[in-house]
Amino acid sequence: MAKFQIFQTSKERLKSGAQGSFPQNLIELEKDKSEIKHPINEPLTRPWLKHFFLTQPLNDSNSDEVKINRNNNLIEIFKTTIPLQENSFNESLLSSWRQFLDVVLKDSDTPWYNGIRKILQTDRFYTAIEQLELDPPASNPQLKIQFYDHTKSLRKFPRIPIKLFFSLPGNEKETMIEILRLAVNNNPHNLDIAFLTYCFLRAWDRSADFIEIARTENRNELEEWYFWVENDLNSVGALKRNIKDFTTAFLIYDRAMLSAQEYKELAGWFLKESEFKAAYHFYTKSKEFEIALELLQNISVKEYGELTNLRRISRGEKTFDLTGDTSRFASMYQEEMETLRGFARIRAAETYKQIATKARQHFDRETIETKYAFGELTEDEYTRLIRQIQERKQ
């Protein structure tokens with residue numbers, strides 16, 4: 001067989017390399033340039049060698065057979081880069097994917113959040129896919145050994161553009177997803193493989209599949225992280241509400257963009273839980289100033305200082321020292337009280353204007369008396385509206 005290979009043409013060796021029968025050995029060069037031959041580790045090393053031969057220009061790149069072989073081989077290469085039972089979980093550190101993960105993920109500046117804080121840097125994500133290349137796994141003991149190519153030149157292991165893995169077609173893509181599912185299942189304490197799985201699904205516009213994986217594996221921390229990285233703060237807040245983590249729920253909802261009605265419902269929930277500071281805060285966000293004013297009057301200056309610090313934390317600002325002089329907070333408390341009273345007066349004036357000017361809205365006496373009782377109308381406004389009703393009946 002060796003004699004046969006010596007007299008093979010370059011094209012024949014190229015074809016043999018693509019089929020996985022050439023070369024038969026790896027070469028380690030000694031300092032004196034002598035060569036030591038090593039048998040090839042077929043499952044871990046051979047796919048990387050085959051990729052080199054499958055991607056050479058002499059191959060018919062338009063051939064469907066070549067494309068299928070290349071894609072199937074990419075899947076075999078991928079298996080060598082992630083922790084699986086078949087590679088003895090050697091790649092638990094994901095050395096091949098480390099640069100990619102470090103580029104596209106970063107820790108969010110939210111020290112108050114008691115969950116996985118990694119977020120996706122979208123601006124770098126697709127750039128990394130296009131530009132980065134995959135190195136052979138650091139765990140492969142044959143990593144630094146070379147091989148002879150079809151031209152009988154010594155070569156190092158090839159580096160593979162990451163975009164080849166992300167551009168796999170339908171059937172191969174489904175195979176990749178199943179491999180990733182298996183890796184997540186087999187490595188319950190390895191967050192990096194979960195992050196990599198999300199990255200692939202995100203790039204394929206199938207990020208919702210990630211939450212399905214998380215729920216199937218009963219990985220509550222991954223389900224929460226999915227909502228976090230997808231910026232679905234409303235869902236993250238709901239999870240924190242379920243476990244009565246009031247402080248984190250407050251900070252998350254303060255960052256979320258909710259409607260006035262959603263803020264009102266949230267404030268009502270905090271009120272039922274006797275979290276008066278949070279209830280007051282979200283009532284002001286929902287512009288229910290009258291209820292907020294009533295709550296604020298029952299909050300101490302110290303509690304108002306605690307609320308002020310929570311607001312500053314949510315904006316990433318430095319908090320105040322609550323152990324010293326509280327006169328600053330007393331002043332801020334009074335200013336907020338006056339601001340709320342002003343808002344309440346404006347709201348009452350708007351209510352009166354709405355009732356008095358819209359001809360189609362003929363409020364009855366009971367409605368006006370109810371609004372007056374709840375402080376939405378002044379004495380003068382109430383008197384004028386009652387007079388208008390009387391004049392309308394005449």
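Since the model is a prediction, treat every value here as computed from it, not as a measurement.

Asks: An account of the overall build of the protein chain is needed here, citing residue identities and associated values.
Replies: Helix and strand content of the protein chain: 20 helices and eight strands. Its C-alpha atoms give the protein chain a radius of gyration of 33 Å, more than 25% over the compact-globule value 21 Å for 394 residues. Overall, the protein chain is about 115 × 55 × 30 Å in size when its C-alpha atoms are taken along their principal axes. Counting all 394 residues of the protein chain, 44% fall into the buried class. A separation of at least 24 residues holds for 60% of the contacts in the protein chain among residues at least 6 apart in sequence. For the protein chain, the accessible surface area stands at approximately 21700 Å², while carbon and sulfur atoms represent 48% of it.

Asks: Before we move on, could you go through the side chain of Asn-87 and cite the residues and values that matter?
Replies: With respect to the helices, strands and loops of the structure, Asn-87 is situated in the loop between α4 (64-81) and α5 (98-104). Looking at Asn-87, the relative accessible area reads 5%, which means it is buried. Engagement of the side chain of Asn-87 in a polar contact is seen with the backbone nitrogen of Leu-84, the distance being 3.1 Å. Each residue touching Asn-87, except ones within four places of it in the same chain, is listed here: Leu-44, Lys-79, Thr-80 and Ile-82.

Asks: Tell me what's going on with the pattern of salt bridges, and back it up with residues and numbers.
Replies: Taken as a whole, this structure holds 24 salt bridges when the rule is applied. When the shortest N-O distance is used, the salt bridge between Glu-42 and Arg-46 registers 3.0 Å. On the basis of relative accessibility, which here comes to 41%, the residue Glu-42 falls in the partly exposed class. By relative accessible area, which is 6% here, Arg-46 ends up buried. Linking Arg-159 and Asp-135 is a salt bridge whose minimum nitrogen-to-oxygen distance equals 2.6 Å. Of this pair, Arg-159 sits in the loop between β7 (154-155) and β8 (160-161) while Asp-135 sits in the loop between β5 (133-134) and β6 (147-148), and the two are 24 residues apart along the sequence.

Asks: Mind laying out the pairing of strand β2 (residues 35-39), listing which residues take part and the relevant values?
Replies: Taken together, the five bridges between strand β1 (residues 25-29) and β2 define a ladder with antiparallel strand orientation. Among the inter-strand pairings, Leu-29 is bridged to a residue of β2, identified as Glu-35. Counted between consecutive antiparallel strands, the loop separating β1 from β2 contains five residues, among which Lys-33 sits at a positive phi close to 75 degrees.

Asks: A description of the packing of helix α15 (residues 276-285) against helix α16 (residues 289-296) should follow, citing residues and the corresponding values.
Replies: Between α15 and α16, whose axes approach to 8 Å, the crossing angle comes to 155 degrees. In terms of axis orientation, α15 runs roughly antiparallel to α16. α16 is crossed by α15, and the crossing has left-handed handedness. Where α15 abuts α16, its residues Phe-276, Ala-279, Tyr-280, Tyr-283 and Thr-284 lie against Phe-289, Ile-291, Ala-292, Leu-295 and Leu-296. The residue inventory of the contact of α15 with α16, partitioned by class, reads nine nonpolar, one polar and no charged.

Asks: How would you summarise the packing of helix α11 (residues 220-229) against helix α12 (residues 233-242) if you had to cite specific residues and measurements?
Replies: Angle between the axes and distance between the axes are the two parameters that describe a pair of packed helices. It is at 7 Å that the axes of α11 and α12 come closest, and there the two elements cross at 145 degrees. In the crossing of α11 with α12, the sense of the turn from one axis to the other is left-handed. On the side of α11, the interface is formed by Glu-224, Phe-227 and Trp-228, while α12 contributes Leu-233, Ser-235, Val-236, Leu-239 and Lys-240. Per-class residue counts for the contact of α11 with α12 are five nonpolar, one polar and two charged.

Asks: Give a detailed account of the nonpolar core, specifying residues and quantitative values.
Replies: One finds Phe-78, Trp-97, Phe-100, Phe-165, Leu-196 and Phe-200 to be the most contacted residues of the largest nonpolar core, which totals 96 residues. Here this core gets eight residues from one element, more than from any other, and that element is helix α9 (residues 191-203). Residues within four places of Phe-200 in sequence aside, it is in contact with Phe-78, Trp-97, Phe-165, Phe-166, Met-176 and Leu-180.

Asks: Tell me about empty space enclosed by the protein, and please be specific about residues and values.
Replies: Empty pockets left among the atoms are what a rolling probe the size of a water molecule brings to light. Under the definition given, this model contains one cavity of 30 Å³ or more. There is about 50 Å³ of room inside the largest cavity.

Asks: Any details on the packing of aromatic side chains? Residues and values, ideally.
Replies: Throughout the structure, instances matching the rule amount to 31 aromatic pairs. Ring centres of Trp-97 and Phe-100 lie 5.9 Å apart, and the angle between their planes is 75 degrees; this geometry places the pair in the edge-to-face category. When sorted by exposure, Trp-97 lands in the same class as Phe-100, which is buried. Ring plane angle 75 degrees and centroid distance 6.1 Å describe the contact between Trp-112 and Tyr-113, whose orientation is recorded as edge-to-face.

Asks: Just give me the short version of the environment of Ser-10, but keep the residues and values in it.
Replies: With respect to the helices, strands and loops of the structure, Ser-10 is situated in helix α2 (residues 10-19). Each C-alpha atom of the pair Ser-10 and Lys-240 lies 64 Å from the other, and the pair is 230 residues apart in sequence. When residues no more than four places from it in sequence are discounted, the contact partners of Ser-10 are His-150 and Thr-151.

Asks: Go over unusual backbone geometry, please, and point to the residues and values.
Replies: The step from Phe-22 to Pro-23 runs through a cis peptide bond, and the omega angle for that step is -5 degrees. By the secondary structure assignment, Pro-23 is in the loop between α2 and β1. In this model, Phe-89 sits at a positive phi of 55 degrees, which is unusual for a non-glycine residue. Position of Phe-89 relative to the elements: it lies in the loop between α4 and α5. Judged by relative accessible area, which is 33%, Phe-89 ranks as partly exposed. Positive phi outside glycine occurs at Asp-205, with the angle close to 55 degrees. Looking at Asp-205, the relative accessible area reads 70%, which means it is exposed.

Reading the values: the criteria
- Residues numbered from 1 in each chain as written.
- Predicted model: local features only at pLDDT ≥ 70, side-chain atom pairs only at ≥ 80, totals over all residues.
- Heavy atoms only, no water.
- Helix = DSSP H or I, 4+ residues; strand = E, 2+ residues; numbered from the N terminus.
- Rg over C-alpha atoms; globule rule 2.2 N^0.38 Å.
- Buried < 20%, exposed > 50% of the residue type's maximum accessible area, 1.4 Å probe, protein only.
- Contact = heavy atoms within 4.5 Å.
- Areas by Shrake-Rupley, 256 points an atom, 1.4 Å probe, with all protein chains shown as cover.
- Polar contact = N/O pair within 3.5 Å; in protein donor to acceptor, adjacent residues only side chain to side chain.
- Salt bridge = Lys/Arg side-chain N within 4 Å of Asp/Glu carboxyl O.
- Pairing = 2+ DSSP bridges.
- Axes fitted to C-alpha atoms, helices over the stretch in contact; angles between N-to-C directions.
- Parallel < 35°, antiparallel > 145°, perpendicular 65-115°, else oblique.
- Left-handed = near helix turned anticlockwise from the far one by under 90°.
- Nonpolar A, V, L, I, M, F, W, Y, C, P; charged D, E, K, R; others polar.
- Core = buried A, V, L, I, M, F, W, Y, C linked by side-chain atoms within 4.5 Å.
- 1 Å grid on protein atoms, 1.4 Å probe; cavity = no way out; pocket = protein on both sides within 12 Å on 5 of 7 lines; lining within 4 Å.
- Points joined across faces, edges and corners; volume = space filled by probe spheres on them.
- Phe/Tyr/Trp six-rings, centres within 6.5 Å; stacked < 30°, edge-to-face > 60°.

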